[in-house]
Structures are given as structure tokens and as C-alpha cells.
Amino acid sequence: MNRQGKICLGVAGAGRAAELHMNALRRFSGVPLCFKRIVARRWPQVNEMKERYGFQEASLEFEDLINDPDIDIVDICTPPYIHEEMIKKAMSAGKHVICEKPLSGYFGNSQENMPIGLYVPKSQMYDELLASMDDLRSCIEASGKKFMYAENFIYAPAVLKASEIIKKKKSKILYAKGEESLKGSSSPVAGEWCKTGGGTFIRTGIHPLSAILWLKKVEAEARNEDIKVVSVLADMERITPQLSAYEHRHIAARPVDVEDCATVILKFSDKSRAVITATDTLLGGSKNDIELYCNDAVIKCKLTMSNLMDTYFLDEDHLNDLYLSEMLPSKVGWNHPFLEDEIIRGYTDEMRDFIESVYYDRAPKAGFDIAYDTIKVVYAAYKSADIGQTVNM
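For clarity, every value in this text was computed on a predicted model and none was experimentally measured.

Q: What is the right way to look at the state of the cysteines in this model?
A: A covalent bond between the sulfur atoms of two cysteines is referred to as a disulfide. Under the defined criterion, the tally for this structure stands at 0 disulfides. No disulfide involves cysteine 99; its sulfur sits 8.6 Å from that of cysteine 77, the nearest cysteine. The exposure class assigned to cysteine 99 is buried, which follows from its relative accessible area of 0%.

What follows is the structure, given as C-alpha cells:
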């Protein structure tokens, strides 16, 4: 903390993830905060974010964050292919780290044929990723600083309430379903494995996956059991490339070497099952659901679309800068606006937990273990889809 007793924050990245984190922090006033510096690759983008959120300084070099003695926490909101390098640099420099999902991935090297998603075996990706994650774990543990995994689904009010119920009742989750689907990504590199580490499953399916893995850990602790994922079976495909230009006009997905549709089955050591679905073929907004079928309860967590409010517009006059919901192509007709988006989707409680974890020196709800377990399952799923077999963990 700085001399005024404030937690000092530095942010790497000035895109949507940084925006969501900062909007969440605007709602949180329980700990005194200092927004010290934001860095990104382009001056127009970083300067706009500096002014919008009141950062003291802005620059284009990540080293400016780790060399600043005032900064306590480095919040990594960059594309995943540079997460691992930034985490190591920041933690070696004595900074606590918040890292946006996914933790990391496999992004190839200069000796491999491009595009890597078509030519590099997923078994190789799986093995090399796990080796790099073991090295990353050692770096984090040696630093003595906190690693905080920014998976907002874990902190969504509906998921937190589900965890409270499971703790109280000691419920057994027998079967779980999770889905995040939308019409594709707005990112121009979302279709390239070398930039994203995969397609819709690592980009969107990772959200309900992490939440279900975390809820199974909550169950295990409540019941004094040890529950692990023992196998993964996946089916994945690139579906949208078969469409004509006209047929493709409403869907944003442009996969080069990544999947745009994924279904993954998890088998746990307690014989329970979970199914995760992710697609880039959903029109009309986004779908974010988790369902838990327990021995003594059914719990349905619906993050979007919200039904707290309905709107109907005949035109979009004067609505250009009005945000209704994620990935909504048109505001005309009936829609369900997102209300208190940062709260309902978990960003506010996520950032509150992280800041308080540093300020009060306690462990965050989402740390390295859930980040590691999630990325391990993601790449086991990629391996399974590639070889057409179940992957035993």
C-alpha cells in the first residue's frame, strides 16, 4: 500500500476486460483505492481509458507497471497469449496479480506450420501446456504474492447463492449443465488459435466450466469429500464456414482454425456428470446458464438474458450510445436489457474480493487452483475432440 494507506492498482490492457473490471471497481468503495497507471499498445486507446477512469499515468510499456514501486496489484486484461509472461514478470517483481480468464493456453511457435489449430496435435498442446503451468505455479508460489483469477461466473450472485445453498444443505450435485453461447466474438483475432488458444470453448464455455468446477469444490468441502474430474469427452466442430456469405451475415464468428461449436462431458470421481455447451451460433444476444440437479434440490442460475425489464422500440433513433445487452445486433422490437450488468454477471463481487484479499491479507475465492483446473480441463477437451476418445485425467 502507498503512504496514504491505499491499494494502488496498475492495469495492463485497455479493451473490454479492463472496462468491465474498472466499471466494477467504480461500484466498490470499501477499501481506499489508487488508480496509478494503465498501459496498452496504442495511445488513443490507453489515453481514452486513462481519462475515463482517472488513472494518474498512462504508457505503452508493461515494464512501467512492474517498475513502479507504488503499484500493489497488476491487473492483467490483455489477450491470453501474453498472460503467462506478464504473470511471471509481475509476480517476480513483487506484485500481486489479477489475471483475466483464461489463465493461459497453447499458442504455437515459429517452427510450427500455420494455422496451428489445423496442424499441431492437441495431445502435444495438452502436454506442453501442463508443463508450462507447473512452471507457472512454481513462480507464483515462490513470489509469496497473491494470484487472483478473474472468472466472473464464480462471483455472479446466482452462483454465490447456489454455493450458499450447497454449503447449508450439504447437497450432492448429481448432474450439472452449463452454457455460454452467442453469435461470435467482436475480436478480429478470435478465429485464430495462435492468438486465443482455442475457439468458443476457451472463450465462452470456460465461464460455466469454471463455475461448475468451483461449485463441485464447494460441495466437496461441505461434505468433507475429495472430488476430482476423472475424464473428459468432447465433440467440437467449425460449423459456420459452410455458410454462404449471405447465410453468414448475422453471425460474427469467422473461425480460421478454431471451433465455433463445442459440447463437453465431465465425469467426476463421485460418478456425477457435467455437460458444458458453447457455441458461436446463437442469435439474439447471449445465453449464460447453469443448472444443478442435486439429491435434494434443483438450482437454476440464469445470468443472461435478464428478464428484469422489457423494452420495445420501433426504431433506434437517439439510441446509438445506449447499451442494452451484449452482442445484441439491433435494439428494434422487444428486448431484455441488462440491468446492473457488472453486479449480475459477477464483476463487482469479483473485484471486491480481490481488493479485499490484498488489503486484509486473505485468500481470494478464485485463485491459481481453479485457474489451473479449468485450463487443464479445457485442453483435455481439445485433446478428446481431436483424437475422438475420452481423455482420462
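Q: What is the right way to read helix H4 (residues 83–92) from this model?
A: Since the α-helix advances by 3.6 residues per turn, residues separated by three or four positions end up pointing in the same direction. Among all positions of H4, only His83, Glu84, Met86, Ile87, Ala90 and Met91 are buried. Down the axis of H4, the buried side of the element spans an arc of 165 degrees, and every buried residue falls inside it. Summarising the contacts, the buried residues of H4 are in contact with strand S1 (7–12), helix H3 (63–66), strand S4 (73–76), strand S5 (96–100), helix H6 (122–143) and strand S6 (147–150). In the stretch just after H4, glycine 94 is the one whose phi turns positive, near 85 degrees.

Q: It is not clear to me how unusual backbone geometry should be interpreted in this structure. Could you clarify?
A: One can expect most non-glycine residues to show negative phi and most peptide bonds to be in trans. In this structure, the amide linkage connecting lysine 101 to the following residue, proline 102, adopts the cis form with an omega of -10 degrees. In this structure, proline 102 sits in the loop between S5 and helix H5 (116–119). One non-glycine residue with positive phi stands out, namely asparagine 224, at about 55 degrees. Mapped onto the secondary structure, asparagine 224 falls in the loop between helix H10 (200–222) and strand S8 (229–237).

Q: In this structure, what is going on with the nonpolar core? I would like to understand it.
A: As a rule of thumb, nonpolar side chains are buried together in soluble globular proteins. Ranked by size, the top nonpolar core spans 115 residues in total, and within it Ile87, Leu103, Phe147, Phe201, Leu292 and Tyr379 carry the most contacts. Contact partners of phenylalanine 147, with chain neighbours within four places excluded, come to Ile87, Met91, Val97, Cys99, Leu103, Ile140, Pro364, Ala366, Gly367, Phe368 and Ala371.

Q: How should the layout of surface pockets be read in this particular structure?
A: A water-sized probe rolled over the atoms picks out the places where empty space is left. Put simply, the second largest pocket is a space of about 550 Å³. Lining the second largest pocket are 24 residues, and of these Pro364, Lys365, Gly367, Asp369 and Ile370 lie nearest its centre. Those elements that place two or more of their residues in the lining of the second largest pocket are H6, helix H8 (157–169), H10 and helix H13 (368–387). When residues in the lining of the second largest pocket are grouped by element, the largest group, 5 residues, is from H10.

Q: Please clarify how the packing of helix H1 (residues 16–26) against helix H2 (residues 43–53) should be interpreted in this entry.
A: Any two packed helices are characterised by how steeply their axes cross, that is the angle between the axes, and by the distance between the axes. Two elements in contact, H1 and H2, have axes whose closest approach is 11 Å; the angle formed by their N-to-C orientations is 10 degrees. Comparing their axes, H2 and H1 come out roughly parallel. In this structure, H1 contributes Ala18, Glu19, Met22, Asn23 and Arg26 to the contact, and H2 contributes Met49, Arg52 and Tyr53. Here the residues of the contact of H1 with H2 sort into 4 nonpolar, 1 polar and 3 charged.

Q: Can you help me understand a nonpolar patch on the surface in this one?
A: Taken together, the side chains of Tyr312, Leu314 and Trp334 present a nonpolar region at the surface, about 440 Å² in accessible area. Checked against the element boundaries, tryptophan 334 lands in strand S14 (residues 333–335). With relative accessibility at 63%, the residue tryptophan 334 sits in the exposed group.

Q: For this particular structure, what's the right way to read the sheet that holds S8?
A: Backbone-to-backbone hydrogen bonds pair the strands of a sheet. The strands run either parallel or antiparallel. In space, the 7 strands of this open sheet follow the order S12-S11-S7-S10-S9-S8-S15, with mixed pairing throughout. Since the sheet does not close on itself, it has two edges, and those belong to strand S12 (298–304) and strand S15 (391–392), each with one partner. Inspection of the sheet shows S8 paired to S15 by 2 bridges, in the antiparallel sense. Bridged to serine 231 within S15 is asparagine 392. Its contacts with the sheet put H8 on strand S7 (173–181), strand S11 (287–294) and S12, and the angle it makes with S12 is roughly 165 degrees. Sheet strands in contact with H13 are S8, strand S9 (261–268) and S15, and its direction is about 55 degrees off that of S8.

Q: Is there a simple way to think about H1 in this case?
A: With 8 of its 11 residues buried, H1 lies for the most part within the structure. For H1, the set of buried residues is Ala17, Ala18, Leu20, His21, Met22, Asn23, Ala24 and Leu25.

Q: Explain the packing of H1 against helix H12 (residues 347–359) to me, please; I cannot follow it from the model alone.
A: Taken N-terminus to C-terminus, the directions of H1 and H12 make an angle of 75 degrees; their axes are 8 Å apart at the nearest point. Relative to H12, the element H1 is oriented roughly perpendicular. Contacts between H1 and H12 pair Leu20, His21, Ala24 and Leu25 from the former with Tyr347, Thr348, Glu350, Met351 and Ile355 from the latter. Its residues assigned to classes, the contact of H1 with H12 shows 6 nonpolar, 2 polar and 1 charged.

Q: What am I meant to see in the side chain of histidine 21 here?
A: Within the fold, histidine 21 resides in helix H1. Aside from chain neighbours lying at most four places away, what touches histidine 21 is Asp75, Cys77, Ile98, Glu100, Ala150, Glu350 and Met351.

Q: Mind showing me how you'd approach the side chain of aspartate 257 here?
A: Within the element layout of this structure, aspartate 257 appears in the loop between S8 and S9. Here aspartate 257 sits buried without a salt bridge, and the closest side chain of opposite charge, arginine 238, lies 6.7 Å off (N-O distance). A distance of 2.9 Å separates a polar side-chain atom of aspartate 257 from the backbone nitrogen of tryptophan 193. Dropping the residues within four chain positions of it, aspartate 257 is found in contact with Pro115, Ile116, Gly117, Leu118, Gly191, Glu192, Trp193 and Arg238.

Parameters and conventions
- Residues numbered from 1 in each chain as written.
- Predicted model: local features only at pLDDT ≥ 70, side-chain atom pairs only at ≥ 80, totals over all residues.
- Heavy atoms only, no water.
- Disulfide = S-S within 2.5 Å.
- Buried < 20%, exposed > 50% of the residue type's maximum accessible area, 1.4 Å probe, protein only.
- Helix = DSSP H or I, 4+ residues; strand = E, 2+ residues; numbered from the N terminus.
- Arc of directions from axis to C-beta.
- Contact = heavy atoms within 4.5 Å.
- Core = buried A, V, L, I, M, F, W, Y, C linked by side-chain atoms within 4.5 Å.
- 1 Å grid on protein atoms, 1.4 Å probe; cavity = no way out; pocket = protein on both sides within 12 Å on 5 of 7 lines; lining within 4 Å.
- Points joined across faces, edges and corners; volume = space filled by probe spheres on them.
- Axes fitted to C-alpha atoms, helices over the stretch in contact; angles between N-to-C directions.
- Parallel < 35°, antiparallel > 145°, perpendicular 65-115°, else oblique.
- Nonpolar A, V, L, I, M, F, W, Y, C, P; charged D, E, K, R; others polar.
- Patch = residues over 30% accessible without salt bridge, like charges linked within 9 Å, V, L, I, M, F, W, Y side chains within 5 Å.
- Areas by Shrake-Rupley, 256 points an atom, 1.4 Å probe, with all protein chains shown as cover.
- Salt bridge = Lys/Arg side-chain N within 4 Å of Asp/Glu carboxyl O.
- Pairing = 2+ DSSP bridges.
- Lys, Arg positive; Asp, Glu negative; His and termini not counted.
- Polar contact = N/O pair within 3.5 Å; in protein donor to acceptor, adjacent residues only side chain to side chain.

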